[in-house]
Number of protein chains: 2
Amino acid sequence: MELQGQMLIGYQQLMGKSGSIRAINPATNQELEPAYGYASAAEVDQACMLAYHAFDAYRNTSLEQRAVFLETIAEQIMALGATLTERAHLETGLPMARLEGERGRTVNQLKLFAQVVRAGHWLQATLDSALPERTPARPDLRMQKIPLGPVAVFGASNFPLAFSVAGGDTASSLAAGCPVIVKAHNAHLGTSELVGRAIQQAARLCQMPEGVFSMLIGAGAAIGQQLASHPVIQAVGFTGSRAGGLALVNTANARREPIPVYAEMSSINPVYLLRGSLNAQNEVLANQFVDSLVMGAGQFCTNPGLVIMEKGESADLFIANASKAITAKAASTMLTPGIHQAYERGCSALSEQASVRLLATGIAASAPNAAQAMLSVCDAEVFLSNHRLQDEVFGPSSVLVLCDDFAQMLEVTSELEGQLTATIHAQSEDYAQAKILLQVLEKKAGRVLFNGFPTGVEVCHAMVHGGPFPSTSNSRSTSVGATAIERFLRPVCYQAVPAELLPAALRDDNPWDIPRLVDGTLTA
Amino acid sequence: MELQGQMLIGYQQLMGKSGSIRAINPATNQELEPAYGYASAAEVDQACMLAYHAFDAYRNTSLEQRAVFLETIAEQIMALGATLTERAHLETGLPMARLEGERGRTVNQLKLFAQVVRAGHWLQATLDSALPERTPARPDLRMQKIPLGPVAVFGASNFPLAFSVAGGDTASSLAAGCPVIVKAHNAHLGTSELVGRAIQQAARLCQMPEGVFSMLIGAGAAIGQQLASHPVIQAVGFTGSRAGGLALVNTANARREPIPVYAEMSSINPVYLLRGSLNAQNEVLANQFVDSLVMGAGQFCTNPGLVIMEKGESADLFIANASKAITAKAASTMLTPGIHQAYERGCSALSEQASVRLLATGIAASAPNAAQAMLSVCDAEVFLSNHRLQDEVFGPSSVLVLCDDFAQMLEVTSELEGQLTATIHAQSEDYAQAKILLQVLEKKAGRVLFNGFPTGVEVCHAMVHGGPFPSTSNSRSTSVGATAIERFLRPVCYQAVPAELLPAALRDDNPWDIPRLVDGTLTA
């Protein structure tokens, strides 16, 4: 399939004329053909109005139709074959194996949401019977969740498939019944065009209303503001920087009718190494930690950027083991020149902080945009007195924090900002401490994990990829996992609605066969 | 029980020294004893810190303990006997029968949340089994919802019991596991002190941690800003004016860590009278409408402030019938002099709008603060061209809008702001139109009802008392009904947590016997 440099507006494919951009191969700094044209304000508006007009037809599709649509998108993505992963490799520098894995994750996510749609729990169908004999009489009352309306999605650079055009935000919005307008990430334009066309083709095959999906090209901030302030857009999904996320939040709050922005922004993902674990498997832990740190050039939202432990011999040994491990790690290509520059700036800002000691670095970079891993250490007192040490350095850099005792470890914990994840390494002898930490960390993070590392976010029912501010703009939500669908829904109550006018989910005969809460009792 | 003019901070009762205020009997404009002292900033902070320190102990109570606490609050409120309703009558001018009914609603709401807590659906417990054989291996993943933290509650003047100190926001916050700080409404200070003491006493009896509940007295805006900006407050519940709600939203958004504000603000609650209904029961509808309009001096969030129908003979007849009915309605005392003044201002602003015609008024007021009912009419064209006709006039005033045809009725509908409710009166011959209207109205309102009037908000599982902006600040929530609890919760995922450290809701043996989603299947 030849790339055209086109955006997708409903069932059209067209070249924007308001400026243009090419993707860059970060391994060579070469521009990649073709040029992609930016959308004009009129084209942004056109996509929004198509989404608006598609909304009723789309939200009224049956659960089965919507599930098949999601599955068809997955099929169309697989049908792109190696064209997709090869282009993604050129645009991101990510290894082919990683991209094939990420493609699998992306299509499995679509299939999970197809299952979720069919199961129908998310409709939260609730029926309370009329009580005509009561004084005052109670009318028949029924409730379901309905979709909010068109959603604007801003994907991330670091997952060109799984958090991009057909990623979790798109899949969960479409699952909820919301049309989607994706703003393609300028770091992987060709990948975006390919995936966008797969979705467009799936929409055609499934006879979905035109406008259920559009994909626009544009300069980041400007088109972001335009979409987030457009009257028909009813919610925003975003994965990226704190500055980018907060700009969208501010725009959305300043609208005549504010809308929710689900921005997944930044996290340093503290890892606690309790004494028993350090004693039992010091070297294994050090190696696993460094592997997690440098994986994907450290470009994960859940990268372990902070390691917290008590001072002592086993901490010293961990420092030695981790330093040794990191010294052997090759530099690897980052996603974009911009990300690489920001990483270098972050590392040098870190090295300039008072009383933060550089422990070790990975092998020096020789290729363009390659990140050299970096490990630093400081005392808890230093960490507590310098809030800049909580700044995310996006890439393979981590800071070890050494505490005098467990009380100081708790003090460090209580000063942490909101996080996507928090990790505890504990043996049974550590459980008393782990129990106390868990109580604090579940208030600070969306996911708490034991004896593992936070990179790797399973797509399943129980996943939470979210967390208190500033890790996200809305701690009551997740952008990965089945409950991501809840972000794009709102409840509506139907009082005394005649049987023939009731929505399918709430009819007496339960035609979709979904679980419902009937007079307070769950019926499956 | 002697009123003391005291606020309640944890288990203390104390008199604020930073200014004072007395409640006013709106029927006489006389001040009521005793004087209530305003909290100092230090006292606000003290209540917040007590709530903060109570949070862990409170959220770790068992479902049964929390349910019993809610039931005990209900018992303690009933134990106040006529002292409570008599004081509320003096402070609000509401009839005794209404207040007794409202007390019933308030204690039933507490009991409903006790049931909800015990049933445990709201925990959304979700378990995904480990898949150790898979490549990559999947860890054990479990999810539950946990409470956000201390909640600040601002009650409404118009329901001195059901939307006040022990109202829906307090009940659902406590049910969720969140400590509550109520800012007592200055219109019913004695009622607040009585109910606050009932909650304090229930907390003592149930040995709840000190700080699980506090009640502060203060000048509205200042203490509101202080609470909404206090670092330990994690959410706000509010019922009142649009200006008041938006001020809290702005403060909450400007915090270093923004927090959600659930503000229920304003709504004009459109009522559609389709032709078949107008033909079948014109006079009955007119009488029911006027009864709903003047009930409680029109001081309901769900008051029918807008009636929409097509021009024609049956519309003319409805106008005549409704005009006749309203002419016979006595003026009744409003809740406060401020509300009465605002009502008079709203009525005169309405009467000054071009091409809006006064149809009829109720019996003129003679007593202080009594509201005279008012019925106006305009053509749809006038309504469409004048956005001020969508301003809420809080009190017994309603505007009839006459449409040339159904298409214009849809045009009016699409111009409506977000609403708490929308009502359709339809006979079976109207169902084709009703079906189209329902599709639009479910996007505009939190509750759509047929062949009734919107005043009367049942407390049950399926209720939604919420709706798109500006009826509330968050359309994805409700302030009445069982799902109100969801506002104060967030999901946390537990990955590979050792069995002995798992929260009760997620243990293998399901000790609380709650419904859970296990590997995608609902288990009851």
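Residue numbers restart at each chain and count upward from 1, following the sequence in its written direction. By the order in which they are written, chains take letters starting at A while ligands take numbers starting at 1. Restriction of local features to residues with pLDDT of at least 70 applies here, the model being predicted, together with a cutoff of 80 or more for giving and counting side-chain atom pairs; totals for whole chains, interfaces and linings are based on all residues. Hydrogens and water are ignored here; the side-chain numbers use all heavy atoms of the structure.

As recorded in an unreviewed UniProt entry, chain A goes by the name Aldehyde dehydrogenase (NADP(+)), listed as coming from Undibacterium curvum.

Next up on the list: the state of the cysteines. Working definition: a disulfide is two cysteine sulfur atoms within 2.5 Å of each other. Summed over all chains, the structure comprises zero disulfides over all chains. Free of any disulfide, B:Cys206 has its nearest neighbouring cysteine sulfur in B:Cys178, separated by 18 Å.

So, on to the packing of helix α1 (residues 41–59) of chain A against helix α7 (residues 220–229) of chain A. Residue and element names in this part refer to chain A. In contact at an axis separation of 11 Å, α1 and α7 are set at 40° when each is read in the N-to-C sense. Classified by the interaxial angle, the pair formed by α1 and α7 is oblique. Once α1 is placed against α7, the crossing between them reads as right-handed. In this structure, α1 uses Ala41, Val44 and Cys48 to contact α7, whose residues at the interface are Ile223, Gln226 and Leu227. By residue class, the composition of the contact of α1 with α7 is five nonpolar, one polar and no charged. Angles here are taken between N-to-C directions and fall from 0 to 180 degrees, while the axes themselves are lines fitted to C-alpha atoms, restricted in helices to the stretch in contact. Each helix corresponds to a stretch of at least 4 residues labelled H or I by DSSP, and each strand to a stretch of at least 2 residues labelled E; elements are numbered beginning at the N terminus. Should an angle fall under 35 degrees it is called roughly parallel, over 145 degrees roughly antiparallel, and 65 to 115 degrees roughly perpendicular, with every other angle called oblique. In this scheme the crossing of two helices becomes right-handed for a clockwise turn of the near helix relative to the far one and left-handed for an anticlockwise turn of less than a right angle. Contacts were defined at the residue level, with two residues in contact if any of their heavy atoms lie within 4.5 Å. When residues are grouped by polarity, Ala, Val, Leu, Ile, Met, Phe, Trp, Tyr, Cys and Pro land in nonpolar, Asp, Glu, Lys and Arg in charged, and all others, Gly among them, in polar.

Bringing the relation of the copies chain A and chain B into the picture now. To superpose the copies, least squares is applied to the C-alpha atoms of every residue with a pLDDT of at least 70 in both. When chain A is fitted to chain B, the best match, at an RMSD of 0.0 Å, comes from turning it 180° and sliding it 0.0 Å along the axis. Given the turn and translation reported, the copies of this chain are related as if by a two-fold rotation axis. A share of 100% of the interface residues of chain A reappears at the interface of chain B, consistent with the copies meeting face to face through the same patch.

What follows deals with the interface of chain A and chain B. Listed per partner, the contact involves 70 residues of chain A and 70 residues of chain B. Two parts lose some accessible area (1.4 Å probe) when they are put together, and adding that loss for both gives the buried area. Between chain A and chain B, roughly 6000 Å² of surface is buried when both sides are summed, and carbon and sulfur atoms account for 57% of that area. Here, a salt bridge means any side-chain nitrogen of Lys or Arg that lies within 4 Å of a carboxyl oxygen of Asp or Glu. Between chain A and chain B we count eight salt bridges in total. For A:Arg134, the salt bridge goes to B:Glu458, with nearest N and O atoms at 2.7 Å. Within 3.5 Å is the distance limit for a polar contact, defined as a pair of N or O atoms, with the added protein rule that one can donate a hydrogen and the other accept it, and that residues adjacent in sequence qualify only through two side-chain atoms. Where chain A touches chain B, the interface holds 36 residue pairs in polar contact (both at pLDDT 80 or more).

As a further point, take the confidence of the model for chain A. Within a predicted model, pLDDT stands for the predictor's per-residue confidence, ranging from 0 to 100. Here chain A shows a mean pLDDT of 97. Residues at 70 or above account for 100%. Predicted complex, confidence summary: ipTM 0.97, pTM 0.97.

Okay, helix α13 (residues 406–415) of chain A next. Residues and elements named next belong to chain A. Three exposure classes are used, based on accessible area relative to the maximum for each residue type with a 1.4 Å probe and protein chains only: buried under 20%, partly exposed in between, and exposed over 50%. By the burial criterion, the buried members of α13 are Phe406, Gln408, Met409, Val412 and Thr413. Relative to the axis of α13, the buried residues are bounded by an arc of 155° and lie together on one face. Residues of α13 that are buried sit in contact with β12 (270–273), β13 (306–310), α12 (380–385), β18 (397–403) and α14 (431–444). The arc in question is the one spanned by the directions pointing from the helix axis to the C-beta atoms.

Attention now goes to the sheet that holds strand β19 (residues 374–379) of chain B. At least two bridges found by DSSP between two strands are what make those strands a pair. The 12 strands lie next to each other as β23(A)-β22(A)-β5(A)-β6(A)-β21(A)-β22(B)-β21(B)-β14(B)-β15(B)-β20(B)-β19(B)-β17(B), forming an open sheet whose pairing is mixed. Looking at strand neighbours, the two that pair on one side only are β23 (521–523) of chain A together with β17 (357–361) of chain B, the edges of this open sheet. This sheet shows a mean twist of 20° between the axes of neighbouring strands, independent of strand direction. Examined bridge by bridge, strand β21 (residues 489–495) of chain A and strand β22 (residues 445–450) of chain B share three bridges and lie parallel to one another. In the strand pairing of β22(B), A:Tyr494 is matched with B:Val448.

Between its first and last C-alpha atoms helix α10 (residues 313–327) of chain A spans 21 Å; for 15 residues at 1.5 Å apiece the expected length is 21 Å, and the two agree. Within α10(A), burial applies to A:Ser314, A:Ala315, A:Phe318, A:Ile319, A:Asn321, A:Ala322, A:Ser323, A:Ala325 and A:Ile326. One fewer than the residue count of a helix, multiplied by 1.5 Å, yields its expected span.

Another aspect to go through is the pattern of salt bridges. All names here are of chain A. Overall, the coordinates contain 42 salt bridges over all chains when judged by the stated rule. Salt-bridge contacts for Arg487 lead to Asp169; the nearest nitrogen and oxygen are separated by 2.8 Å. Of the two residues, Arg487 sits in the loop between β20 (445–450) and β21 while Asp169 sits in helix α5 (residues 168–176), which places them 318 residues apart along the sequence. The class of Arg487 is buried, set by a relative accessible area of 3%.

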